[in-house]
Amino acid sequence: MHEFATMQQIVYAILEEAKKHNAKEISKVVLQIGELTFLGEEQLKFAFDILKEGTIMENAELFIEKIKAEVKCECGYSGGIEYGLKEEFHISFPILKCPSCGKDVEIMKGRECLIKSVEMEIEDVAIER
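Counting from 1, residues in each chain are numbered in the order their sequence is written. Local features in this predicted model are restricted to residues whose pLDDT is 70 or higher, and side-chain atom pairs enter the listing and the counts only when it is 80 or higher, whereas totals over whole chains, interfaces and linings include all residues. Think of the side-chain values as coming from all heavy atoms in the structure, minus any hydrogens and water.

### Observations regarding the side chain of Thr37
Stage number 1. Numbering goes from the N terminus for both helices and strands, where a helix is a DSSP run of H or I of at least four residues and a strand is a run of E of at least two. With respect to the secondary-structure elements, Thr37 resides in the loop between strand E1 (23-34) and helix H2 (41-51).
Stage number 2. In the analysis that follows, any N or O atom pair within 3.5 Å is treated as a polar contact, provided that within protein one partner can donate a hydrogen and the other can accept it, and provided that, for residues neighboring in sequence, both atoms belong to side chains. Within the structure, Thr37 has its side chain in polar contact with the backbone oxygen of Gly34 (distance 2.7 Å).

### Considering the sheet that holds strand E3 (residues 70-72)
Stage number 1. At least two bridges found by DSSP between two strands are what make those strands a pair. Strand order in the open sheet made by the three strands is E4-E3-E7, with antiparallel pairing throughout. Edge positions in the open sheet fall to strand E4 (78-79) and strand E7 (106-109), since each of these has one partner strand only.
Stage number 2. Sheet topology note: the E3/E7 ladder contains three bridges and is antiparallel. Bridging across to E7, Glu70 finds its partner in Lys109.

### As for the packing of helix H1 (residues 2-20) against H2
Stage number 1. To get an axis, a line is fitted to the C-alpha atoms, and for a helix only the part in contact is used. The angle between two axes follows their N-to-C directions and goes from 0 to 180 degrees. Interhelical geometry of H1 versus H2 gives an angle of 50° and a closest axis separation of 9 Å. With respect to H2, the element H1 is oriented oblique. Where H1 crosses over H2, the two elements pack in a sense that is right-handed. Side by side, H1 and H2 meet where Glu3, Phe4, Met7, Gln8 and Val11 of the first sit next to Gln43, Leu44, Ala47, Phe48, Ile50 and Leu51 of the second.
Stage number 2. Residue composition of the contact of H1 with H2, grouped by class: eight nonpolar, two polar and one charged. Between 65 and 115 degrees an angle is taken as roughly perpendicular, under 35 as roughly parallel, over 145 as roughly antiparallel, and anywhere else as oblique. We call a crossing left-handed when the near helix sits turned anticlockwise from the far one by less than a right angle, and right-handed when that turn is clockwise. Every residue pair with non-hydrogen atoms within 4.5 Å of one another is taken to be in contact. In the scheme used here, Gly and all other residues not listed as nonpolar or charged are polar, with Ala, Val, Leu, Ile, Met, Phe, Trp, Tyr, Cys and Pro taken as nonpolar and Asp, Glu, Lys and Arg as charged.

Nothing here speaks to function; it is all geometry.
See below:
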């Protein structure tokens with residue numbers, strides 16, 4: 001259930017930033033979540049719905065953009081990863097070996113957990129001349 005703890009940190013960061021700008025309301029949050037974080041989209045949305053209650057985010061919509069895993073190898077391979085199946089657990093898992101030569105790879109994308117954007121309504125600010 002690391003989704004709840006992760007979303008708790010995200011909501012806290014957004015509310016802290018909103019406070020700095022004296023925001024009245026937050027209407028939209030866009031996150032980028034890498035495939036290798038293993039964060040469940042539905043669990044994140046559920047946690048978001050609970051955590052936003054009673055805050056200026058109460059009516060906010062959450063959008064999640066998935067980032068596919070990408071690796072590179074010293075042999076020149078650059079691209080996606082393959083998945084294997086653990087029969088005894090009935091789950092698939094990422095194989096972090098080069099699909100071309102079998103060596104260890106460097107992960108280039110897929111571990112992200114980023115707040116891409118937040119739409120908030122802020123007070124009108126008078127400009128002094």
